[in-house]
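# Observations on chain architecture
So the chains spell out like this:
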Amino acid sequence: MPLLLTLPDGSTREVAPGTLPRDVVASIGPRLLQAAIAVTVDGEVQDLQTPLRKGGAFTVITEKDPRSLDVLRHSGAHILATAVRRLRPEAKIGFGPAIDDGFYYDFEVDKPFTPEDLEAFEAEMRKVAGEKLPFVRAEVNQIEAKAVFSDDPLKLERLADFEGTDEVISTYTDGGFTDLCRGPHVPDTSYLKHFKLLHTAGAYWRGDEKRQMLQRIYATAFFKKDELDAHLHRIEEAKRRDHRVVGRALDLFQFFPVSPGAAFWTPRGTTLYNAVEQFVRERQQEHFLEVKTPLLYTKKLWEQSGHWGKYKENMFLVLNSETNEHDMSLKPMNCPSHHLFYTAHKHSYRELPIRYVTFDVLHRNEVSGALSGLTRVRQFAQDDCHVYLREDQIADEVKFLMDFILGYYDAFGLSATLRFATRPPVRIGSDELWDRAEAALKAALEATGRPYELKPGDGAFYGPKIDFDVTDSIGRQWQLGTIQLDYNAPERFDLEYVGEDNASHRPVVIHRAVSGSFERFLAILIEHFAGAFPVWLAPEQVRVLPISDELASVAQEVTTRLRAAGIRAQLATDESLNYRIRQAEVLKVPYMAVIGRREAEAGTVAVRVRGEGKKQEVISVDSFIERVRGEIASRALTPASGGTSA
RNA sequence: GCCACAGUAGCUCAGUGGUAGAGCACUCGAUUCGUAAUCGAGCGGUCGUCGGUUCAAUCCCGACCUGUGGCUCCA
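Given the structure is predicted, the values throughout are model-derived calculations rather than measurements.

So, on to the overall build of chain A. Of the regular secondary structure elements, chain A holds 20 helices and 34 strands. Each principal axis of the C-alpha distribution contributes one length, and for chain A these read about 85 × 75 × 60 Å. Of all 646 residues assigned to chain A, the portion counted as buried reaches 50%. Sequence separation of at least 24 residues holds for 68% of the intrachain contacts in chain A that already meet a minimum separation of 6. Charged side chains of chain A number 81 positive and 94 negative; the gap between the two group centres comes to 3 Å.

The subject of this paragraph is helix α16 (residues 518–528). One full turn of an α-helix is made of 3.6 residues, so residues set three or four places apart face in the same direction. Buried residues dominate α16, accounting for 11 of its 11 residues. Considered for burial, the residues of α16 that qualify are Phe518, Glu519, Arg520, Phe521, Leu522, Ala523, Ile524, Leu525, Ile526, Glu527 and His528. Positive backbone phi, approximately 50°, marks Ala530, located one or two places after α16.

Turning to the sheet that holds strand β34 (residues 617–620), a few remarks are in order. The sheet built from 5 strands is open, its strands ordered β31-β30-β32-β33-β34 with mixed pairing. Both edges of this open sheet fall to β31 (569–571) and β34, since each of them pairs with a single strand only. When strand polarity is set aside, the average angle formed by the axes of neighbouring strands in this sheet is 30°. Sheet analysis places strand β30 (residues 542–546) next to β31, joined by 3 bridges and oriented parallel. Pairing of Val544 across the sheet is with Leu571, part of β31. Of the strands in this sheet, β30, β32 (591–595) and β33 (604–609) are in contact with helix α18 (residues 577–586), which crosses β30 at around 175°.

A separate point is the nonpolar core. Counting 62 residues, the largest nonpolar core has Tyr409, Ile466 and Leu537 as the members making the most contacts within it. The biggest single contributor to this core is helix α13 (residues 394–411), with 9 residues. Residue contacts for Leu537: discarding those within four places in its chain leaves Leu272, Ala275, Val276, Phe412, Leu525, Phe529 and Arg568. Formed by 38 residues, the second largest nonpolar core is a distinct cluster that contains Leu72, Ala83, Phe103 and Tyr172.

The full count for this structure, using the stated rule, is 54 salt bridges. One salt bridge in this structure joins Arg419 and Asp469, with 2.1 Å as the shortest N-O distance. Of this pair, Arg419 sits in strand β23 (residues 415–421) while Asp469 is found in strand β25 (residues 465–471), placing the two residues 50 residues apart along the sequence. Across the pair, exposure class does not vary: Arg419 and Asp469 are buried alike. Between Glu612 and Lys615 there is a salt bridge, with the nearest N and O atoms lying 3.6 Å from each other. On the accessibility criterion, Glu612 (35% relative accessible area) is partly exposed.

Here the focus is unusual backbone geometry. The amide bond that connects Leu352 to the next residue, Pro353, takes the cis arrangement and shows omega of 0°. Here Pro353 lies in the loop between α12 (335–343) and β20 (354–358). With an omega of 0°, the peptide bond between Thr638 and Pro639 qualifies as cis. Despite not being glycine, Asp251 shows a phi value in the positive range, around 55°.

This next bit is on the side chain of Asp360. Relative to the helices and strands, Asp360 is located in the loop between β20 and β21 (361–363). Its relative accessible area of 10% is what places Asp360 among the buried residues. A polar side-chain atom of Asp360 sits 2.9 Å from the main-chain amide nitrogen of Thr293. Within the local environment of Asp360, its side chain forms a polar contact with the side chain of Lys331, the two groups lying 2.9 Å apart. Asp360 has contacts with Lys292, Thr293, Lys331, Asn334, Phe380, Ala381 and Gln382, leaving out every residue within four places of it along the chain.

Before going further, it helps to examine the protein's contact with RNA strand B. As a structural note, the neighbourhood of RNA strand B is formed by 57 residues, with Leu180, Arg182, Ser368, Arg582 and Gln616 the closest of them. Tyr579 places a polar side-chain atom, nitrogen or oxygen, 2.9 Å from a phosphate oxygen of RNA strand B. Contributing elements (two or more residues each) for the surface near RNA strand B: α6 (153–160), β12 (194–204), β13 (213–222), α8 (243–249), α18, α19 (597–602) and β33. Element by element, the count of residues in the surface near RNA strand B is highest for α18, at 6 residues. The residue makeup of the surface near RNA strand B, split by class, is 25 nonpolar, 14 polar and 18 charged.

On to the packing of aromatic side chains, then. A complete count under the given rule lists 29 aromatic pairs for this structure. Their ring planes at 80° and their centres at 6.0 Å tell us that Phe253 and Phe255 sit as a pair that is edge-to-face. Taking the relative accessible area as the measure of exposure, Phe255 reaches 30% and is therefore partly exposed. One aromatic cluster is present, built from ring pairs that chain together Phe279, Tyr408, Tyr409, Phe412, Phe468, Phe521 and Trp536.

The rules behind each value
- Residues numbered from 1 in each chain as written.
- Chains lettered and ligands numbered in written order.
- Predicted model: local features only at pLDDT ≥ 70, side-chain atom pairs only at ≥ 80, totals over all residues.
- Heavy atoms only, no water.
- Helix = DSSP H or I, 4+ residues; strand = E, 2+ residues; numbered from the N terminus.
- Buried < 20%, exposed > 50% of the residue type's maximum accessible area, 1.4 Å probe, protein only.
- Contact = heavy atoms within 4.5 Å.
- Lys, Arg positive; Asp, Glu negative; His and termini not counted.
- Charge placed at Lys NZ, Arg CZ, Asp CG, Glu CD.
- Pairing = 2+ DSSP bridges.
- Axes fitted to C-alpha atoms, helices over the stretch in contact; angles between N-to-C directions.
- Core = buried A, V, L, I, M, F, W, Y, C linked by side-chain atoms within 4.5 Å.
- Salt bridge = Lys/Arg side-chain N within 4 Å of Asp/Glu carboxyl O.
- Polar contact = N/O pair within 3.5 Å; in protein donor to acceptor, adjacent residues only side chain to side chain.
- Near = heavy atom within 4 Å.
- Nonpolar A, V, L, I, M, F, W, Y, C, P; charged D, E, K, R; others polar.
- Phe/Tyr/Trp six-rings, centres within 6.5 Å; stacked < 30°, edge-to-face > 60°.

Shown next as structure tokens:
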């Protein structure tokens, strides 16, 4: 039976099964063969030397197709392994896939790799690429494969997974190096031209902390030099924006070893923190009920909520010195305390939905290796809300919360992607409850008409959720907000409302966070704006700069007026004018109000905008105040960045 | 938690087996300045902590603490 291939122009080809795509492409045109990286058959990417087994839509993938990059990078991983094996023949090979921004390869070695090793490997890779070694594909059976990889226990283990399946086992060889591999690959090693080894890291074999630690080498590769350069530049840009670096430079927060994973907010940082928190409060004023609840609870509550069983590892337990037992814990979540509030009264169906919100501090005992700046901490606060509602209100409520969340991100110039996460392997509650919860949330999500992605198995242990992944100004994604549907808590806490029928019913609970944790959200904002905050967020909004000391009293008066108008202004009289302008620029103060003799006499200020250099504007103090107040009140995203200047 | 790397003045960093330096910051003095660092002087460190090797340790070794990059986007 010949295979029928349909080309993009609608024409068809009949080829014998086992024909190589290379030959099909060559028959279309030799120039196309030169440009070809791989092909797709019926939507599946395969390389030019894997025999065709089925027909269907046939397209040629060139450098222009983003999918070709994965092929190149996967081949890059093999070339890395080839180079490592030449220099360290004893290295056992693990896995080496393409990943989002490049590729990696895992090795088992006695001596970990040093930075010098990396340089040597990279040089060797350039040699391998220069040798233009073809990637030769072979199909083998179990017995042959075992023989090929007899010295590579990790490969043998992978091989064993295929035992008893009808999976086609294939190997790829470039030069003297053979790897167990599904492909696809570029035709030969010379395709790898623009690449860089980035760093090493430890990685458990198969991600299992009980297995041995392998040495992973991370790298990246591109078809074009300018793309590689752009990528490396993005890495540099991310470093420049790193909230830990910016946070120090702008004096926003610090950490002390005496409280690992818990931030100390400086006066400037606290101002920023409060500005964000106040914004949330204002937005929640109308439809939410803010409460404050204790930080410390008895074990009994956590047993009831299920945390004691499922979440204890992450909780800070408090030792009772009398009984020598851990019978209390700092709260890692707010839900139980909100449930208590709910149960304190009888509720009518007419009251629902009820929305409790809290800004309380939470503690989670993250493992030491997981801590990282403000993005992964042990103490943090959430803009945490629990909604108690009737099942028939789910769709409206999800839409309401979703609009609330998306509007919030919008205020910071952040856009969000929606992800729907379903039941995880470790969970509480019956499958029937999960069926209902997932169906209800999905229906609500689809009723909003917004596009979303699926994350199977990624739900919370008590329910499915919608996650909001936000993209920042340099294209990185962060998971922030969440809407989680919970049918379990109402059971566990015996939550009830009285229905129209005068009978008792179970409400549903929705867990909602918008910022995720404030700590992490502020880290994201710091990086998103590169420290150049819009006026309403800026810790210091205006710096008043008299040109000489004789104008100090006028400048002081202007500063006082600005402050009286609710503007965070500071007067700077030290050193030279140039020096003070530089200080204000470095601290990314949005506005500088310069006052010389002319301004003092005319009752004006020369307004210098952060990042815009000498493009100043002389306006009256009154209109300057008006302008800044207006921008603060509207929470405008001005003055625009300036975040790209060094 | 595990692997690798790092820890020198408040910050950024240089340096050496014979108990340490720079720039900025800070203090003082001079300068009073029209848009990104005025000049000079001074202060400042048990070289993360504890132990070991050594005649001698900030440097070599070990442990600990803290931080940084990671810890399957399955061959």
